[in-house]
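Here's the letter readout for the chains.
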Amino acid sequence: IKEMRPLSLAEVKEIVKDTDNKELQDYLKKFGKLQKNDSEKLDKELKEIGNVKIKDEYRIKIIDFLPKTQEELNKIFTDVSLDEKETNEILSVIGKY
């Protein structure tokens with residue numbers, strides 16, 4: 001293993017696009033909401049917020065789930081809490097996608 005990092009479903013879809021595993025393909029098609037380029041744009045915008053509370057694994061979960069409400073977003077951030085300003089900032093970025 002050279003590197004371990006969380007991957008969005010869009011990235012996984014790109015990596016395994018030539019696989020014959022129908023179950024995996026069906027899963028990625030059903031739950032992967034964004035295409036790879038949109039996923040990368042959202043990831044970049046979330047990084048640009050500059051909030052240290054948004055760890056890599058949280059960014060990937062945000063990209064995969066695209067939470068629409070504060071409650072949905074808070075379910076992702078299990079070990080830290082976001083204030084209203086931070087939540088609104090993240091939700092406004094997600095709202096573009």
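Before reading further, recall that the structure is shown in the block above.
Definitions and limits used
- Residues numbered from 1 in each chain as written.
- Predicted model: local features only at pLDDT ≥ 70, side-chain atom pairs only at ≥ 80, totals over all residues.
- Heavy atoms only, no water.
- Helix = DSSP H or I, 4+ residues; strand = E, 2+ residues; numbered from the N terminus.
- Phe/Tyr/Trp six-rings, centres within 6.5 Å; stacked < 30°, edge-to-face > 60°.
- Core = buried A, V, L, I, M, F, W, Y, C linked by side-chain atoms within 4.5 Å.
- Buried < 20%, exposed > 50% of the residue type's maximum accessible area, 1.4 Å probe, protein only.
- Contact = heavy atoms within 4.5 Å.
- Axes fitted to C-alpha atoms, helices over the stretch in contact; angles between N-to-C directions.
- Parallel < 35°, antiparallel > 145°, perpendicular 65-115°, else oblique.
- Left-handed = near helix turned anticlockwise from the far one by under 90°.
- Expected span 1.5 Å × (residues − 1).
- Arc of directions from axis to C-beta.
- Salt bridge = Lys/Arg side-chain N within 4 Å of Asp/Glu carboxyl O.

So, on to unusual backbone geometry. The backbone of leucine 66 shows a phi angle near 45 degrees, a positive value even though the residue is not glycine. Here leucine 66 shows up in the loop between helix 4 (56–65) and helix 5 (70–76).

On to the packing of aromatic side chains. Here the structure, examined in full by the defined rule, presents two aromatic pairs. When the ring of tyrosine 27 is compared with that of phenylalanine 31, the centres are 4.8 Å apart and the planes differ by 45 degrees; the resulting orientation is tilted. Taken as a pair, tyrosine 27 and phenylalanine 31 lie in helix 2 (residues 22–31) at a separation of four residues, close to a single helical turn. Ring centres 4.7 Å apart and planes at 50 degrees place the aromatic pair tyrosine 58 and phenylalanine 77 in the tilted group.

As a further point, take the nonpolar core. Within the largest apolar cluster, 18 residues are counted, with the highest numbers of intra-cluster contacts made by Leu42, Leu46, Ile62, Leu73, Phe77 and Ile90. For this core, the secondary structure elements donating two or more residues are helix 3 (36–49), helix 4, helix 5 and helix 6 (84–94). In this structure phenylalanine 77 touches Lys53, Ile54, Tyr58, Ile62, Leu82 and Ile90, once residues within four positions along its chain are discounted.

Moving on to the packing of helix 3 against helix 6. For the pair helix 3 and helix 6, the least separation of the axes is 10 Å and the interaxial angle reads 160 degrees. Between helix 3 and helix 6, the angle is such that the two are roughly antiparallel. The hand of the helix 3/helix 6 crossing is right-handed. Within the contact between the two elements, helix 3 uses Leu42, Glu45, Leu46 and Ile49 and helix 6 uses Glu89, Ile90, Val93 and Ile94.

This part covers helix 3. A rise of 1.5 Å per residue sets the reference length of helix 3, with its 14 residues, at 20 Å; its end C-alpha atoms lie 20 Å apart and thus fit the reference within 8%. For helix 3, every residue scored as buried is listed here: Ser39, Leu42, Asp43, Glu45, Leu46 and Ile49. All buried residues of helix 3 lie within an arc of 165 degrees about the axis, which places them on one face of the element. Across from the buried face of helix 3, at angles greater than 90 degrees, the exposed residues are Lys44, Lys47 and Glu48. Considering only its buried residues, helix 3 is in contact with helix 1 (9–15), helix 4 and helix 6.

Before going further, it helps to examine the environment of serine 8. Relative to the helices and strands, serine 8 resides in the segment before helix 1. Those residues in contact with serine 8, other than ones at most four positions away along the chain, are Ser39, Ile60, Ile63 and Asp64.

This part covers the pattern of salt bridges. What the rule picks out here adds up to eleven salt bridges. Glutamate 14 serves as the salt-bridge partner of lysine 17, at 3.4 Å between the closest nitrogen and oxygen. Overall, glutamate 14 belongs to the partly exposed group, its relative accessible area being 37%. In this structure, a network of salt bridges that share partners links the residues Asp43, Lys47, Asp56 and Arg59.

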